[in-house]
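Structure assessment
Chain residues, written in single-letter form:
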Amino acid sequence: MILGGLTALGGVMLTNRAHAQRLKEQFAHEREVKNREREMSLRKEVYLDAIEAVTARFIAIGHFSDLEIKDDKILEEYRRKAPSLAKIIIIAKVETVGAISNLAGELEATFLRLTAKRFPLLFQSQEIVGRRALVDGFLKEQTRILELIKQHNLDGPRDPQKWQVLQDQFDFESRRIEETLKKADDLAALLLRKQLKFMEENFEESMRLSRLMVPVIVLVRKELELPIDESAYSKISEEQVAKLASAVNEFKLQVHSLIPPYLSALIALAPEC
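This section reports on the structure supplied with the text. Nothing here was measured: the structure is a model prediction, and the numbers come from that model.

A short note on helix α5 (residues 160-223)
- Compared with an ideal rise of 1.5 Å per residue, which puts 64 residues at 94 Å, α5 spans 91 Å between its outermost C-alpha atoms and is within 8% of the ideal.
- Of the residues trailing α5, E225 is marked for its positive phi of about 60°.

Structure (structure tokens):
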């Protein structure tokens, strides 16, 4: 009987030990799962922020051909998101870091190249604005002289010498207005040609860079354990590039259709960039 009791006690102890081992393994597994979930959540957050920063850089490049947008405004969103790119080094695999670094380097190099081409266009745009402002001043002066001529005619007997001086001044302002307007129109025609070409360059650069996004997206999704068909994704990306290229060509045609004939002639005569 004592032997039976010992046997039963041993069985209970073995059962308890086995149960304790199972609980220990269960807790270890749950802890591992939670740690994995936290890790994946962190990776997801970091990668999403980084992709937003890269996208902001793409958008900034797309805005380069719009000379109405100031440089600091173009970069505003990217500067706010750029620090998130540094976090990738902490959590990404070497292959992913390499792909993102390659894309970031190309984005920066492209940005610098386009910035160098944008500055002359901005200067020319400012010159056009300055010349048109001069015309406004010349018109005011011409209006003042015209009032003097009218007053001179109303004052009684005309003083030929004074009238001639006023007429010469009026003619001088007319010539200045005509010459300055012509120069402004010539510059505007040249600027439009350069701006359209610059817009095409921006588009081509954006499309080239968008292809570098494909391996980045593929690697990031793999790290996040999200399924992706690389060939299918590449095909979708190329289809989007083709659609955008068609849209850009359509935009160019619409712009040219809106240009007045006299300005079209100036653009045709304007030198190439």
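Anyway, onward from the coordinates.
Here's the deal with the pattern of salt bridges
- Under the criterion given, the structure shown has 17 salt bridges.
- The salt bridge involving R208 is made with E106; its shortest N-O contact spans 2.9 Å. One end of the pair, R208, is in helix α5; the other, E106, is in helix α4 (residues 94-154), with 102 residues separating them in the sequence.
- Look at R208 and you get partly exposed, because its relative accessible area is 31%.
- Taking the shortest distance from any N to any O, the salt bridge between R113 and E205 comes out at 3.2 Å. With a gap of 92 residues between them, R113 in helix α4 and E205 in helix α5 connect regions that are remote in the sequence.
- Each of E52, E77, R80 and K81 takes part in one network of salt bridges that share partners.

Things to note about the packing of aromatic side chains
- Counted according to the given criterion, the structure contains 2 aromatic pairs.
- Measuring from ring centre to ring centre gives 4.8 Å for F64 and F111, while their planes differ by 65°; the resulting arrangement is edge-to-face. Linking F64 in the loop between α1 (2-62) and α2 (71-81) with F111 in helix α4, this pair joins segments that are 47 residues apart in sequence. The exposure classification of F64 matches that of F111, with both residues buried.
- When the ring of F119 is compared with that of F123, the centres are 6.4 Å apart and the planes differ by 15°; the resulting orientation is stacked. Separated by 4 residues within a single helix, F119 and F123 lie in helix α4, roughly one turn from each other.
- Its relative accessible area of 55% is what places F123 among the exposed residues.
- The ring of F111 carries R57 above its face, with NZ or CZ at 3.9 Å from the centroid.
- Above the ring of F64, the side-chain terminus of R118 is found at 5.7 Å from the ring centroid.

Considerations on the environment of E173
- Examined against the element boundaries, E173 turns out to sit in helix α5.
- Residues E173 and G137 lie 36 residues apart in sequence; the distance between their C-alpha atoms is 9.8 Å.
- Polar side-chain contacts of E173 include one of 3.1 Å to the side chain of R176.

Describing the packing of α2 against α4
- At their nearest, the axes of α2 and α4 sit 12 Å apart, and the two run at 155° to each other. In this view, α2 runs roughly antiparallel relative to α4, as classed from their interaxial angle. In this structure, α2 uses D71, I74 and L75 to contact α4, whose residues at the interface are F111, R118, F119 and L122.
- Grouping the constituent residues of the contact of α2 with α4 by class yields 5 nonpolar, no polar and 2 charged.

Digging into the packing of α4 against α5
- As a packed pair, α4 and α5 sit with axes 7 Å apart at the nearest point and diverge in direction by 165°. One element, α4, and the other, α5, form an angle in the roughly antiparallel class. For α4 against α5, the interelement crossing comes out left-handed.
- In the contact of α4 with α5, the residues fall into 32 nonpolar, 14 polar and 19 charged.

Topic: the nonpolar core
- Core analysis: the largest hydrophobic core is formed by 38 residues, its most contacted members being Y47, V54, F58, L85, I88, L103 and L107.
- Residue assignment for this core shows that the elements contributing at least two residues are α1, α2, α3 (88-91), α4 and α5.
- At 10 residues, α1 tops the list of elements feeding residues into this core.
- Those residues in contact with L85 that lie beyond four places of it in its chain are A50, A53, V54 and Y78.
- Grouped together as the second largest cluster of nonpolar side chains are 5 residues, F203, M207, V241 and V248 included.

Focus: α2
- Among all positions in α2, only I74, L75, Y78 and K81 are buried. Taken around the axis of α2, the buried residues stretch over an arc of 115°, which confines them to a single face. In α2, the exposed positions that point more than 90 degrees away from the buried face belong to K73, R79 and R80.

Cut-offs used in this document
Residues numbered from 1 in each chain as written. Predicted model: local features only at pLDDT ≥ 70, side-chain atom pairs only at ≥ 80, totals over all residues. Heavy atoms only, no water. Helix = DSSP H or I, 4+ residues; strand = E, 2+ residues; numbered from the N terminus. Expected span 1.5 Å × (residues − 1). Salt bridge = Lys/Arg side-chain N within 4 Å of Asp/Glu carboxyl O. Buried < 20%, exposed > 50% of the residue type's maximum accessible area, 1.4 Å probe, protein only. Phe/Tyr/Trp six-rings, centres within 6.5 Å; stacked < 30°, edge-to-face > 60°. Lys NZ or Arg CZ within 6 Å of the ring centre and 35° of its normal. Polar contact = N/O pair within 3.5 Å; in protein donor to acceptor, adjacent residues only side chain to side chain. Axes fitted to C-alpha atoms, helices over the stretch in contact; angles between N-to-C directions. Parallel < 35°, antiparallel > 145°, perpendicular 65-115°, else oblique. Contact = heavy atoms within 4.5 Å. Nonpolar A, V, L, I, M, F, W, Y, C, P; charged D, E, K, R; others polar. Left-handed = near helix turned anticlockwise from the far one by under 90°. Core = buried A, V, L, I, M, F, W, Y, C linked by side-chain atoms within 4.5 Å. Arc of directions from axis to C-beta.

Don't take any of this as a statement about function, it's just geometry.
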